[in-house]
Structure formats: structure tokens, C-alpha cells
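Below are the chains, spelled out letter by letter.
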Amino acid sequence: MITFFAGIFFLASFMHIAVFPRKWLWRLLIGLGMFLLCSGGVSLALGKKGRIIKAVNVVAAACFLIAGIFLPYYQDRVADLFVSVIGDKVKINLYVMNNDYREAHWDVFGAMQPETLVDCAGGVFLTAGALDGDNSEYALEKVKDAIGNVAISDCTSAFAAAQALYANKGMVLVMSEGYESLVKDTPEFEFFDEQTTVIGSYYRTVSTVSQIRETMALTKKPFSIFIGGNDQEGELSVIGRTDVDMLITVNPRSHQISIVSLPRDSYIANPALSSQKDKLTHLGLSGIENTLEGFGDYMNVDIENYVLVNFTTFKQIIDALGGVDVDNPYAFSYFWDSQYVYPQGRIHLDGDAALFYVRERYNLVNGDFDRNMHQQLVMRAIIEKATSREVITHFNELLKALNGTFLTNVSSDAMFALGRMQLEDDIQWNVVNKHISGTTGMEVCASAVGMPLSVVYPDEEEAEHARELIQAVIRGEIISE
């Protein structure tokens, strides 16, 4: 009797797991019914003599109870991942020149670094221009609440504000963290993070792209999802640069996937700045919605969904999957804390090896463009591993790796629907990669007024081919390399 009720409990739990296909329920129902009938019949026939069958029933009841408890537990863990990752915060820092730099330039500063916000109460606070205006205003209101009114100097850009800080024309630079990497892009401020200290930070809530409108949409019609990554570890934000810019278009009916990537420095229109030309990576300084719009306009496709990751996430996902296998086009080496050698051919990569594989550009034949290719190869390997049956054995590690380390607007219901479709049909996806190359040059960018920066002019012929590839996937055509 205990086994019977434990089996019913397990069946009820199974029915409420969104990712399991309905056909599995019927198979389970038949198998469970046959087991309970057989074990019940044998138990009645043997009575007190049936010690072995009783032991089997006890073990089965324990298994049913454990499974019935853990199935909804893991579903809730997955759902919690997606509930907690809608990024709605931007971090605003208060930067001062540190003591090492001040001592080396004592004729300019003549004073040691302020240690706390209170120490800055008589100094001038610099702002990083109109593009960062909302964030600066928010932070300055917090500063006033803490130490009273302060003198403010509005600069024309983040670069102008940094120059003023270095020239001691202001004591504190108020700037959102996303602009730090922008400032460091120039030789003048290459060591900005080493020469400054953050003496305070504030988090401002910003509006974000809402979750997808229709839960089942990802299983019924083609969709595109932007994969953005930054060259940092630690916190993620929906406002900030994206150093990896990848567009994945999926047709769930024809089982076709295209992966298209643009160089981070691609010189394209910035919707937030009257469509003036800017680096693709800078579009994120006006929010993820701006990146989706600008990238989508350039590729002639609507992009509603996004996933943002950084190096912390990347390594953890690869390790949680047990590593990935890629077909490396040619041999090269990477030198950092240790040397990594990547031979030509099929190679297995753990988290660290995969990270160095997608970061290296200096030892590659085509530099940044080949780095984009490597990023696509690893993304393809992740998709293949994540949609294989082998992923079940790594499920717990994968959940731990993903917890709090990515941002997305895709709902857990949509992911459950995709997972159910994969399990239902055992889909073999056809994945085709396209990385767009180009030529380099120097241009003034809309988000960095007055400061010429290195940019990439995307090869328009390759870009048009990528657009055609995406549309072929959307139309349901079978695509090839």
C-alpha cells in the first residue's frame, strides 16, 4: 500500500514538471501501473513469506518519494534562475586619483588621495557628459544626501572628464562603470583602473526589455536571440559595453540555427544618438535595448531576446558541461599565466582553455576576425552539448554554474517549452556559423565625441550574405556551410 501511494505521489509530481513531454507521461503511467499490479499481486500471493518482494517494494517506495520531491525542487531551481536574472541595475562609481599616481605627479596634486566621501566635501565633482547624465544626476543626489551640496563641473564626454580628473581640475569623477572600459580604450587612459580608486558606488534601477510576450513562441516560430559578453569578471549590467556580439537565429520547425557575429568595433548606426555612427560595443552604453535595435537594424532582423554573460559565466558553463569539443582550424598558442597550445583538429576544452581560446587574437592569422570565429565554434559546441542527452548527467553542476551569472529577458516557461520540444523530438540541430570580417580605420564615434578611435568597417558583401542566411533560417530553408 505504501508503494502504491508513493507511486501516485511520484506520478503527480511528474505531471507538473513543465519540461517533460506528454508522451513520457503515458509511458510512465503504463510502466508504473504494471509495476504496482505485479508487485501487489506477488505480495498478496506470498503473504508473510514474501520478504524479498517486500524489500523491493520498500526500495521502490523510497525511490518514488525521493524522485517526487526532487523533480519539483529542480524545476523551482531552474525557474528561480530566470526570475532573478532580469538585470535592472546600473552601477555608478566615484573615482579619485590614487596615491601612487599622486606621488608621481605631486606638482599637480600636492595632496594625498581622499579615503572617504566625507574627505571630498569641498572638492569639485566631475560628470562624464550628457550621455551619462541620468546616472550622474542620480549619484550626485545621493552624494548631496550624504555630505551636502557640492561643486559640480559638467564635462562634454567621459574622455574630457577623465582629462579633468588627471589634471586635478576636479577631485571626484562621477561615472557609470560601463564607461570605464570606454575610457581605457585610449592610450592616454590605458591604465585608468590602476591609477584611480573607487571610493563609493551607487546602483540605479533602470527599465529593461520585458520578457517575451508569448511563452510558447520559441517553439512555434523562428526567433533571434542576442548573445552579448563583456571582457570582465564579476557583476553584469544591462547597461555596458559588449565585447562579444553574436546573433543566434533559430527555426524550431526546420531545426536550423545560424550563428552570426560582428566585430565589437563594427562602425554602425547608434539608434540612441540619432543614428550617428559608433562602435557596436558602445551601443550598450545606452542600454541593452539600444544594442538589440542597432544590431537588428544592421542585420535587418527583429531581435527581442538577449542573454548577457561575462568571463565568469563562460568558464563555469563550460566546466559544468564537462568541457566541449571544437574543430580547431589551425594551430596556435596563448601565453598568459601559463602557456596553452591548441593543435589543429578536434580538441577538448575545459573552462580555462576555452576562455583563452576565445580571448586570443594576437597569435591568430586574422586577429580579431579569427577570434570571432573561435567564439562561434565554442558557442556551437555549447549548443551541441546542451541539447544532447549527456547534459542530464551535468544538470546539477550546470544549475550551480548559472546561478546569478547571466542576465536575460527569456522566461523560464519559454525555456521549459524549448526543453520539452527537444526531449519530445530528440532534435538534431543543423548549426551554421557566419563571422563577418572587415577593414580597420580611425573614426570619431558618437559616444566618444572628439576622440578618434579604432573601428572596423564591416565587409558589406559578407554582411549581406549573413542577412540572407538569417532570412533563409526564418523561411525554414535547409542551410549549409
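Residues numbered from 1 in each chain as written. Predicted model: local features only at pLDDT ≥ 70, side-chain atom pairs only at ≥ 80, totals over all residues. Heavy atoms only, no water.

**Student:** Tell me about the side chain of R371, residues and numbers included.
**Tutor:** Along the chain, R371 falls in helix α14 (residues 368–386). Judged by its relative accessible area of 15%, R371 is buried. Polar contacts involving the side chain of R371 include one to the main-chain carbonyl oxygen of R359, which spans 3.2 Å. Among residues more than four places away in sequence, those in contact with R371 are R264, V358, R359, E360, R361 and L364. (Helix = DSSP H or I, 4+ residues; strand = E, 2+ residues; numbered from the N terminus. Buried < 20%, exposed > 50% of the residue type's maximum accessible area, 1.4 Å probe, protein only. Polar contact = N/O pair within 3.5 Å; in protein donor to acceptor, adjacent residues only side chain to side chain. Contact = heavy atoms within 4.5 Å.)

**Student:** Which residues make up the pairing of strand β19 (residues 448–458), and what values do they have?
**Tutor:** Judged from the 8 bridges that link them, strand β18 (residues 438–445) and β19 form a sheet pairing that is antiparallel. Its bridge partner lying in β19, G438 is registered against P458. Between β18 and β19, which pair antiparallel one after the other, the connecting turn spans 2 residues. (Pairing = 2+ DSSP bridges.)

**Student:** Hey, could you go over the packing of aromatic side chains for me, with residue numbers and the actual values?
**Tutor:** Summed over all chains, the structure comprises 13 aromatic pairs. Between the aromatic rings of Y334 and F356, the centroid separation amounts to 4.7 Å while the plane-to-plane angle is 20 degrees, which identifies the pairing as stacked. On the criterion of sequence distance, the pair formed by Y334 in strand β13 (residues 332–335) and F356 in helix α13 (residues 351–359) is long-range, its members being 22 residues apart. The class for Y334 is buried, based on a relative accessible area of 5%. (Phe/Tyr/Trp six-rings, centres within 6.5 Å; stacked < 30°, edge-to-face > 60°.)

**Student:** Now, about the confidence of the model for the protein chain: what can you tell me, with residues and values included?
**Tutor:** Considering every residue of the protein chain, the mean pLDDT works out to 84; 88% of them sit at 70 or more. Highest mean pLDDT in the protein chain belongs to strand β9 (residues 267–270) (97); lowest belongs to helix α15 (residues 395–402) (70). Every residue in residues 210–215 is under pLDDT 50, and counting partners more than four places away or in other chains gives 16 contacts. (pLDDT = per-residue confidence, 0-100.)

**Student:** Talk me through the pairing of strand β2 (residues 124–127); I want residue IDs and the actual numbers.
**Tutor:** The pairing of β2 with strand β3 (residues 151–154) spans 4 bridges and is parallel. Across the sheet, the residue bridging to T127 is D154, located in β3. For the crossover from β2 across helix α6 (residues 133–147) to β3, the handedness is right-handed. In terms of strand pairing, β2 meets strand β4 (residues 172–176) through 3 bridges, oriented parallel. Pairing of T127 across the sheet is with V174, part of β4. (Right-handed = clockwise from strand over helix to strand, strands pointing away.)

**Student:** For the nonpolar core, give the residues involved together with the corresponding values.
**Tutor:** Counting residues in hydrophobic clusters, the biggest one holds 51 residues, and the most contacted among them are I248, Y342, L349, Y357 and V378. Top element by residues in this core is α14. It accounts for 7 residues. Apart from the residues within four sequence positions on either side, L349 is in contact with I318, G323, V324, V326, Y342, A354, Y357 and V378. In terms of nonpolar packing, the next biggest core, distinct from the first, is built from 30 residues, V238, I268, Y306 and A463 among them. (Core = buried A, V, L, I, M, F, W, Y, C linked by side-chain atoms within 4.5 Å.)

**Student:** Talk me through the sheet that holds β3; I want residue IDs and the actual numbers.
**Tutor:** Within the open sheet, the 5 strands sit side by side as β3-β2-β4-β1-β5. Their pairing is mixed. Two strands close off the open sheet at either side, each with one partner strand: β3 and β5 (196–205). Averaged over all pairs of adjacent strands, the angle between strand axes in this sheet comes to 25 degrees, irrespective of strand direction. Taken strand by strand, helix α7 (residues 158–166) contacts β1 (89–97), β2, β4 and β5, and its axis lies near 155 degrees from that of β4. (Axes fitted to C-alpha atoms, helices over the stretch in contact; angles between N-to-C directions.)

**Student:** So what's going on with the packing of helix α12 (residues 311–320) against α13? Which residues, and what values?
**Tutor:** Two numbers describe how α12 lies on α13: the axes approach to 8 Å, and their chain directions differ by 130 degrees. Regarding the angle of α12 to α13, the classification is oblique. Every pair of crossing elements has a handedness; the one defined by α12 and α13 is right-handed. Note on element contacts: α13 touches α12 through G351, D352, A354, L355, V358 and R359, opposite F311, F314, K315, I318 and D319. (Parallel < 35°, antiparallel > 145°, perpendicular 65-115°, else oblique. Left-handed = near helix turned anticlockwise from the far one by under 90°.)

**Student:** If you had to explain the sheet that holds strand β17 (residues 430–435) to someone new, which residues and values would you point to?
**Tutor:** Pairing is mixed in the open sheet, where 6 strands are placed in the order β16-β11-β6-β7-β8-β17. Every interior strand has two partners, whereas the edge strands, β16 (407–408) and β17, have only one. Of the strands in this sheet, β6 (223–230), β7 (244–251), β8 (256–261) and β17 touch α14, which is tilted by about 165 degrees from β17.

**Student:** Could you give an account of the pattern of salt bridges, naming the residues involved and the relevant values?
**Tutor:** One pass over the full model with this rule turns up 14 salt bridges. For D193, the salt bridge goes to K184, with nearest N and O atoms at 3.3 Å. In this structure, R475 engages E477 in a salt bridge whose closest nitrogen and oxygen atoms are separated by 2.8 Å. According to the relative accessible area criterion, R475 is exposed, its value standing at 53%. Residues participating in the shared-partner salt-bridge network are R241, D243, R264, D265 and K279. (Salt bridge = Lys/Arg side-chain N within 4 Å of Asp/Glu carboxyl O.)

**Student:** Which residues make up α13, and what values do they have?
**Tutor:** Of all 9 residues in α13, 7 are buried; the element is thus mostly enclosed. Buried residues of α13: G351, A353, A354, L355, F356, Y357 and V358, and no others. In this fold, the buried residues of α13 make contact with α12, β12 (324–328), β13, β14 (339–342), β15 (345–349) and α14. Where α13 starts, the residue carrying a side-chain oxygen 3.4 Å from the main-chain nitrogen of D352 turns out to be D350.

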